[in-house]
Amino acid sequence: MPGHLYIVATPIGNLEDISERALKTLRTVDLIAAEDTRHSKILLNKYNISQPLTSYHKFNIKEKTGSLVRSLLDGKNIALISDSGMPGVSDPGYQVIREAVEQGIKVEVIPGPSAAITALVASGLPTDCFVFEGFLPRKPGKQRKILGALKDEERTIIIYESPFRVVKTLQVVESVLGDRQVAVCRELTKKFEEIIRGSIKEVSEKLKNKQVRGEIVLVIS
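Cut-offs applied
- Residues numbered from 1 in each chain as written.
- Predicted model: local features only at pLDDT ≥ 70, side-chain atom pairs only at ≥ 80, totals over all residues.
- Heavy atoms only, no water.
- Pairing = 2+ DSSP bridges.
- Helix = DSSP H or I, 4+ residues; strand = E, 2+ residues; numbered from the N terminus.
- Right-handed = clockwise from strand over helix to strand, strands pointing away.
- Axes fitted to C-alpha atoms, helices over the stretch in contact; angles between N-to-C directions.
- Parallel < 35°, antiparallel > 145°, perpendicular 65-115°, else oblique.
- Left-handed = near helix turned anticlockwise from the far one by under 90°.
- Contact = heavy atoms within 4.5 Å.
- Buried < 20%, exposed > 50% of the residue type's maximum accessible area, 1.4 Å probe, protein only.
- Arc of directions from axis to C-beta.
- Polar contact = N/O pair within 3.5 Å; in protein donor to acceptor, adjacent residues only side chain to side chain.
- Core = buried A, V, L, I, M, F, W, Y, C linked by side-chain atoms within 4.5 Å.

**Regarding the pairing of strand S6 (residues 130-135)**
Okay, so step 1: As defined by bridge partners, S6 adjoins strand S7 (residues 156-161) across five bridges and the pair is classed as parallel. When the bridges of S7 are listed, Gly134 appears paired with Ile159.
Okay, so step 2: Crossover S6 to S7 through helix H6 (residues 140-149) is right-handed.

Pasting the structure below:
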């Protein structure tokens, strides 16, 4: 019988934000496939989890997808984790999930933290309907094309961004979408969590002379 593929959500910052079910799963699988094994060892060491680790990221996705699926077909149970949050969201995890589904392998999701949903709820902007765009392209022209398609969007928009580009991205968003209400959510669930709310002009003014650090989620009205 094939093994099971477990999709395990991990904390987005605070390591205590992990469920008992997730810990039980990580302790009992035959193998843990992690986006960055060095990063994941911090979490696993905290909870004394010593299951074998293998890397699974965008640079080895072709070779590792087949290898993981073969192991599953051989009866091994595998847990897939990302650096933070839910695997498959803005990372290559969906590739092995899709392949496992096609091979008739049982896929079980262990839910947990999500940076996008955490930021949406914390933003103070409408949460009943929203659209998630992940990371925008780095080139301004491609950014404008995607944002242009969202110009008439009535749902709240969620974007992931680098701290080094967030101010420039806000400028592009304002030029395409106008001066909307936004929330820049930084270091969610961590010690220095910060949420800056206001119009794009107001938020940009607060950030322009500041060295922005940490992971960023941008929520746009």
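Continuing now.
**Here we look at the packing of helix H7 (residues 166-177) against helix H8 (residues 200-207)**
Okay, so step 1: Viewed as axis vectors pointing N to C, H7 and H8 meet at an angle of 160°, and their least axial separation amounts to 10 Å. For the element pair H7 / H8, the angle class is roughly antiparallel. When you trace H7 past H8, the crossing you get is left-handed. Taking contact as the criterion, the partners of Val167, Leu170, Val173 and Glu174 in H7 are, on H8, Ile200, Lys201, Val203, Ser204 and Leu207.

**Here we look at the sheet that holds S7**
Okay, so step 1: As summarised here, the arrangement of the five strands in space is S6-S7-S10-S8-S9, forming an open sheet in which the pairing is mixed. Each of the sheet's edge strands pairs with one partner strand only, and the pair in question is S6 and strand S9 (194-199). Sheet twist, expressed as the mean angle between neighbouring strand axes with direction ignored, is 15°.
Okay, so step 2: Of the pairings in the sheet, the one linking strand S8 (residues 181-186) to strand S10 (residues 216-220) comprises five bridges and is antiparallel in character. Bridge assignment links Arg186 to a residue of S10, and that residue is Ile216.

**Topic: helix H2 (residues 37-46)**
Think of an α-helix as turning once every 3.6 residues; residues three or four places apart then point the same way.
Okay, so step 1: Restricting attention to buried positions, one finds in H2 the residues Ser40, Leu43 and Leu44. Projection of H2 onto a plane perpendicular to its axis shows the buried side chains occupying an angular sector of 95°, all on one side. Turned more than 90 degrees off the buried face of H2, the exposed positions are Arg38, Ile42 and Asn45.
Okay, so step 2: Here the buried face of H2 lies against helix H1 (20-28), strand S2 (31-34), strand S3 (53-55) and strand S4 (78-81).
Okay, so step 3: A side-chain oxygen of the first residue of H2 lies 3.0 Å from the backbone nitrogen of Arg38; this N-cap is Asp36.
Okay, so step 4: Positive phi shows up at Asn48, right after H2, with a value of about 55°.

**Focus: the nonpolar core**
Okay, so step 1: By size, the foremost hydrophobic cluster in this structure holds 22 residues, and its most contacted members are Leu147, Leu170, Val184 and Ile220.
Okay, so step 2: Counting only elements with at least two residues in this core, the list comes to S7, H7, S8, H8 and S10.
Okay, so step 3: It is H7 that provides the largest number of residues to this core, a total of six residues.
Okay, so step 4: Once you skip the residues sitting within four places of it in the chain, Val184 turns out to touch Val166, Leu170, Glu194, Ile195, Ile196, Val203, Leu207, Ile216, Val217 and Leu218.
Okay, so step 5: By size, the runner-up hydrophobic cluster in this structure holds 16 residues, among which are Ala22, Leu26, Tyr47 and Ala79.

**Re the sheet that holds S3**
Okay, so step 1: Reading across the sheet, the five strands line up as S3-S2-S4-S1-S5 and stay open at both edges, with parallel pairing between neighbours. Both outer strands of the open sheet, S3 and strand S5 (106-110), are each paired with one neighbouring strand and no more. With direction set aside, neighbouring strand axes in the sheet form an average angle of 25°.
Okay, so step 2: Relative to S4, strand S1 (residues 4-8) runs parallel, the two being bridged by three bridges. For Tyr6, the partnering residue across the bridge sits in S4 and is Ala79.
Okay, so step 3: Along the sheet, H1 contacts S1, S2, S4 and S5; its crossing angle with S5, the most-contacted strand, is approximately 135°.
Okay, so step 4: Sheet strands in contact with helix H4 (residues 93-102) are S1, S4 and S5, and its direction is about 150° off that of S1.

Functional significance is not addressed by these values, which are geometric in nature.
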